[in-house]
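# Topology and contacts: notes
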There are 2 protein chains.
Amino acid sequence: MTRKDKPTLAVVGATGAVGTVMLELLSTRQDVWGEIRLIASARSAGKKLVVRGEEVEVIALSEECFDGVDVAMFDVPDEVSAHWAPIAASKGAVAVDNSGAFRMDPEVPLVVPEVNAAAARVRPRGIISNPNCTTLTMVVALGALHAELGLKELVVASYQAASGAGQPGVDALREQIGKVADSRTLGTQPGDVRRAVGDFGPFPAPLALNVVPWAGSLKDDGWSSEELKVRNESRKILGLPDLKVHTTCVRVPVITTHSLAVHAVFENEVSVARAHEILDGAPGVVLCDDPENGEFPTPADVVGTDPTWVGRVRRSIDDPFALDMFMCGDNLRKGAALNTAQIAEVVAAELTERD
Amino acid sequence: MTRKDKPTLAVVGATGAVGTVMLELLSTRQDVWGEIRLIASARSAGKKLVVRGEEVEVIALSEECFDGVDVAMFDVPDEVSAHWAPIAASKGAVAVDNSGAFRMDPEVPLVVPEVNAAAARVRPRGIISNPNCTTLTMVVALGALHAELGLKELVVASYQAASGAGQPGVDALREQIGKVADSRTLGTQPGDVRRAVGDFGPFPAPLALNVVPWAGSLKDDGWSSEELKVRNESRKILGLPDLKVHTTCVRVPVITTHSLAVHAVFENEVSVARAHEILDGAPGVVLCDDPENGEFPTPADVVGTDPTWVGRVRRSIDDPFALDMFMCGDNLRKGAALNTAQIAEVVAAELTERD
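In the annotation of an unreviewed UniProt entry, chain A is listed under the name Aspartate-semialdehyde dehydrogenase and assigned to Embleya hyalina. The UniProt entry for chain A carries the following text under Function (unreviewed entry): "Catalyzes the NADPH-dependent formation of L-aspartate-semialdehyde (L-ASA) by the reductive dephosphorylation of L-aspartyl-4-phosphate." You can read under Subunit (unreviewed entry) in the UniProt record for chain A the words "Homodimer."

Residue and element names in this part refer to chain A. Pairing is mixed across the open sheet formed by six strands, whose spatial order is 10-9-11-14-13-12. Of all strands in the sheet, those bounded by a partner on one side alone are strand 10 (244-248) and strand 12 (285-287). Taken pair by pair, the neighbouring strands of this sheet meet at an average axis angle of 25 degrees, ignoring direction. As defined by bridge partners, strand 12 adjoins strand 13 (residues 308-315) across three bridges and the pair is classed as parallel. Bridging across to strand 13, Val285 finds its partner in Thr308. Packed onto the sheet, helix 8 (residues 225-238) meets strand 9 (151-159) and strand 10 and runs at close to 150 degrees relative to strand 10. Sheet strands in contact with helix 9 (residues 272-280) are strand 12, strand 13 and strand 14 (322-329), and its direction is about 170 degrees off that of strand 13.

All names here are of chain B. Across the interface, helix 5 (residues 139-149) lies against helix 9 (residues 272-280) with an axial gap of 9 Å and an inter-helix angle of 125 degrees. On the basis of their axis angle, the class for helix 5 and helix 9 is oblique. For helix 5 against helix 9, the interelement crossing comes out right-handed. Residues Ala141, Ala144, Leu145, Glu148 and Leu149 of helix 5 lie in contact with helix 9, whose contacting residues are Arg274, Ala275, Ile278 and Leu279. Taken together, the residues of the contact of helix 5 with helix 9 sort by class into seven nonpolar, no polar and two charged.

Here we take up the interface of chain B and chain A. Often, the extent of an interface is quoted as the loss of accessible area upon association of its parts. Tallying the contact residues gives 76 residues for chain B and 76 residues for chain A. For the chain B and chain A pair, buried surface summed over both sides reaches about 6,000 Å², with 61% attributable to carbon and sulfur atoms. Taken together, the links from chain B to chain A amount to 10 salt bridges. The partner of Arg312(A) in a salt bridge is Glu227(B), and the shortest N-O contact between them spans 2.7 Å.

Residue and element names in this part refer to chain A. By the assigned domains, chain A splits into domain 1 (9-130 + 336-354) and domain 2 (135-161 + 211-329). Spacing between the C-alpha centres of domain 1 and domain 2 amounts to 27 Å. Domain 1 puts 16 residues into the contact, and the matching count from domain 2 is 13 residues. Counting every contact that joins domain 1 to domain 2 gives one salt bridge. Counting across the interface, domain 1 meets domain 2 through four residue pairs in polar contact (both at pLDDT 80 or more). Elements supplying a minimum of two residues to the side of domain 1 that touches domain 2: helix 3 (113-116) and helix 11 (333-354). Across the side of domain 1 that touches domain 2, the residue classes tally to nine nonpolar, three polar and four charged.

Glancing now at the sheet that holds strand 10 (residues 244-248) of chain B. Residues and elements named next belong to chain B. Taken together, the six strands give an open sheet; going across it, the order is 10-9-11-14-13-12, and neighbouring strands pair in mixed fashion. Each edge of the open sheet carries a strand with a single partner, namely strand 10 and strand 12 (285-287). If you compare each strand with its neighbour and ignore which way they point, the axes differ by 25 degrees on average. Helix 9 rests against strand 12, strand 13 (308-315) and strand 14 (322-329) of the sheet, and its axis sits at about 170 degrees to strand 13.

Here the focus is the nonpolar core. With 42 residues, the main nonpolar core has Leu173(A), Ile177(A), Leu209(A), Leu173(B), Ile177(B) and Leu209(B) as its most contacted residues. Elements represented by at least two residues in this core include exactly helix 6 (166-180) and helix 7 (192-197) of chain A together with helix 6 (166-180) and helix 7 (192-197) of chain B. If near-sequence neighbours (up to four positions away) are discounted, Ile177(A) is found in contact with Ala208(A), Ile177(B), Ala181(B) and Leu209(B).

The subject of this paragraph is the environment of Ser224(B). Following the sequence through the fold, Ser224(B) ends up in the loop between helix 7 and helix 8 (225-238). Since its relative accessible area comes to 0%, Ser224(B) is described here as buried. Considered as a pair, Ser224(B) and Val310(B) are 86 residues apart in the sequence and their alpha carbons are 26 Å apart. Other than its neighbours up to four places away in sequence, Ser224(B) contacts Arg312(A), Trp214(B), Ala215(B), Ser217(B) and Lys219(B). A distance of 3.3 Å separates a polar atom in the side chain of Ser224(B) from the backbone oxygen of Ala215(B).

Another aspect to go through is the relation of the copies chain B and chain A. Screw-axis analysis of chain B against chain A gives a translation of 0.0 Å along the axis, an RMSD of 0.0 Å, and a rotation angle of 180 degrees. Both copies are brought into coincidence by an operation consistent with a two-fold rotation axis.

On to the UniProt feature "binding site: phosphate" (unreviewed entry) in chain A, then. Residue and element names in this part refer to chain A. In the UniProt entry, the feature "binding site: phosphate" (unreviewed entry) is given for Arg103. Within the fold, Arg103 resides in the loop between strand 7 (94-97) and helix 3. Leave out the neighbours within four places in its chain, and Arg103 touches Asn98, Val108, Leu110, Ser129, Asn130, Pro131, Asn132, Lys229, Glu233 and Lys236.

Now for the packing of aromatic side chains. Given two aromatic rings, one states the distance between the centres and the angle between the planes to describe the pair. Tallied over the entire structure, the rule returns seven aromatic pairs over all chains. For the ring pair Tyr159(A) and Phe326(A), a centre distance of 5.8 Å and an interplane angle of 65 degrees mean the geometry is edge-to-face. Highlighted residues: Tyr159(A) in strand 9 and Phe326(A) in strand 14, separated in sequence by 167 residues. For the pair Tyr159(A) and Phe326(A), a shared accessibility class is recorded, and that class is buried. Here a set of aromatic residues connected by ring pairs shows up, and it is made of Tyr159(A), Phe326(A), Tyr159(B) and Phe326(B). A cation over a ring is seen here: Arg314(A) above Trp223(B), with NZ or CZ 4.7 Å from the ring centre.

As a further point, take the pattern of salt bridges. Note that side chains of opposite charge can pair when their charged atoms are close. Taken as a whole and judged by the stated rule, the model has 40 salt bridges over all chains. A salt bridge links Lys334(B) to Glu114(B), with the shortest nitrogen-to-oxygen separation between them at 2.8 Å. Within this pair, whereas Lys334(B) is found in helix 11 (residues 333-354), its partner Glu114(B) is found in helix 3 (residues 113-116), the two being separated by 220 residues in sequence. According to the relative accessible area criterion, Lys334(B) is buried, its value standing at 4%. Bridged by salt links that share partners, the residues Glu24(A), Asp306(A) and Arg333(A) form one connected network.

Quick notes on the rules
- Residues numbered from 1 in each chain as written.
- Chains lettered and ligands numbered in written order.
- Predicted model: local features only at pLDDT ≥ 70, side-chain atom pairs only at ≥ 80, totals over all residues.
- Heavy atoms only, no water.
- UniProt positions renumbered as here; feature names shortened; annotations may be inferred.
- Pairing = 2+ DSSP bridges.
- Helix = DSSP H or I, 4+ residues; strand = E, 2+ residues; numbered from the N terminus.
- Axes fitted to C-alpha atoms, helices over the stretch in contact; angles between N-to-C directions.
- Contact = heavy atoms within 4.5 Å.
- Parallel < 35°, antiparallel > 145°, perpendicular 65-115°, else oblique.
- Left-handed = near helix turned anticlockwise from the far one by under 90°.
- Nonpolar A, V, L, I, M, F, W, Y, C, P; charged D, E, K, R; others polar.
- Buried area = accessible area lost by both parts, 1.4 Å probe.
- Salt bridge = Lys/Arg side-chain N within 4 Å of Asp/Glu carboxyl O.
- Domains from an automatic or database assignment.
- Polar contact = N/O pair within 3.5 Å; in protein donor to acceptor, adjacent residues only side chain to side chain.
- Core = buried A, V, L, I, M, F, W, Y, C linked by side-chain atoms within 4.5 Å.
- Buried < 20%, exposed > 50% of the residue type's maximum accessible area, 1.4 Å probe, protein only.
- Least-squares fit on C-alpha atoms with pLDDT ≥ 70 in both.
- Phe/Tyr/Trp six-rings, centres within 6.5 Å; stacked < 30°, edge-to-face > 60°.
- Lys NZ or Arg CZ within 6 Å of the ring centre and 35° of its normal.

Here you go:
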């Protein structure tokens with residue numbers, strides 16, 4: 001099959017933090033696409049970016065952009081997706097959206113290919129949503145465990161990277177670290193880091209030499225939007241509308257790769273050996289669990305890789321039905337660009353098999 | 001009462017990280033002590049340190065050090081305490097030990113004055129233990145909630161500061177931050193931070209731009225010693241031998257002040273209003289919970305203060321008997337020196353009332 005016979009892909013938001021990773025991924029994954037069209041705001045139009053080793057000129061977002069497009073990926077803010085994804089769909093493209101605009105819409109499937117690829121086929125609005133990056137840090141591994149053990153309840157604490165708040169988050173963290181790096185005393189008196197750092201960037205408190213128990217916006221009863229996303233999206237992806245989920249989201253001074261401490265309660269009694277067996281064979285999961293030899297996942301080792309890494313697997317001492325685990329996933333790859341690319345490939349395969 | 005009539009205090013480990021904070025505390029708290037004797041290893045003997053505005057010469061640890069001592073605080077490694085605390089006790093002093101050597105000994109009370117001060121009076125070995133710093137980050141607040149609501153189960157994820165591993169931990173983190181501070185790219189490729197940092201200090205992986213799901217030594221079934229301490233010590237302090245506790249301990253790039261995400265399940269139905277009321281009036285607790293105005297505890301604001309700070313109090317959406325919270329406490333103060341000083345003061349009051 002030549003490129004001419006293959007589906008056309010549009011990447012909307014090609015110049016953003018996730019878009020940049022997306023172009024890198026599209027250049028290294030199996031080449032299922034014919035034309036790849038790069039779309040961004042008018043400000044970035046005319047810029048030339050490299051995909052699959054070729055320079056491609058970025059065009060400005062407009063209705064006409066979607067002419068002849070089979071799949072349109074959106075890596076843009078919620079309000080941009082809310083407006084433009086339905087337009088892409090009305091022009092005949094399947095929109096794969098990485099924003100929060102449609103995730104909980106009952107007519108929009110929320111897809112993680114390793115867990116619920118089949119859900120991508122039923123898309124009454126012509127839109128498929130990509131989950132939030134924090135949910136994606138755990139849901140592939142939890143999907144594998146759920147299939148064998150039956151998941152009942154989750155208690156999740158997150159260690160979220162600065163790039164979850166986009167490039168401004170990364171820039172703010174690097175700048176803050178620069179400001180505290182030379183001190184031998186900062187971080188020992190109340191507020192000293194706050195004063196040294198000055199500008200918090202997109203965060204509500206300093207992130208260098210600190211952790212911040214907040215991500216997203218304030219929702220009812222003191223919950224953050226990020227915490228509700230983890231609960232609601234996990235339920236939808238796993239097909240468990242009654243799953244109990246309790247989450248506390250915390251930002252940490254890491255550039256990229258989210259981590260989660262996960263306490264998971266199952267219908268069936270668990271063992272570390274069985275959990276290892278399930279996780280070791282699960283697609284998209286790497287088991288990294290040998291603390292005696294210093295083996296557990298950390299963001300510094302996981303960043304830039306595709307899978308969900310799982311370590312510190314322990315059976316709860318006080319509950320034979322529960323596992324405690326530590327998981328890491330690159331929030332820009334599996335947490336965003338990679339999962340979007342995988343969904344788009346599922347759609348491409350469907351379109352190709354139809355032809 | 002003049003100093004001559006007051007009890008004599010010995011501080012063993014006066015020159016260490018916790019010892020340094022201890023001398024600062026002894027200089028600012030109510031002055032219940034007569035002589036304060038500073039004791040350290042032979043290496044530090046002769047050094048002069050300031051306590052209560054006066055220079056005091058450090059003496060080398062020996063049996064004779066404890067002659068005439070009423071209370072002897074130990075801020076030294078486990079094996080030093082294991083040897084010397086019983087010697088101090090045999091010489092008639094009450095040993096208040098901040099190591100792990102005696103905490104789970106059934107004949108040694110494990111005391112947090114706000115929670116179980118009375119336990120300090122029953123000490124068949126003449127030794128009282130001070131809990132681990134991670135347990136101390138939450139147990140004052142949980143004790144207050146337990147008294148009203150009845151605690152059944154805890155799921156805890158920690159965000160532990162570098163100084164939990166002593167001064168070498170702080171030095172390692174500052175050095176590592178210096179090595180990554182000027183880079184615009186580190187933290188984006190697998191292992192790049194590991195290579196840039198080189199020496200991990202007392203940690204099993206880089207801590208700058210990273211989080212490390214490990215603290216302490218390896219125990220049975222994949223648990224770390226730190227995780228078992230949180231479980232076993234919480235049970236003992238709260239007097240709840242059947243409390244279910246599931247903990248994952250993680251080190252974060254913060255100098256001082258541990259944080260915990262705590263999911264607590266109670267016997268009784270809970271509400272945020274009731275929890276706020278209990279926490280707001282609890283001795284040793286500061287409620288800091290107004291996310292709309294950016295108010296939640298973070299290590300950068302809590303470091304250098306005495307109380308346990310509690311914020312992000314939410315009733316679990318899927319369990320009316322459970323609260324999700326975020327707590328911070330200075331691991332060198334309440335987590336070590338302050339609680340030890342408070343225990344010693346409880347003993348001093350008892351000795352004074354006896355006279």
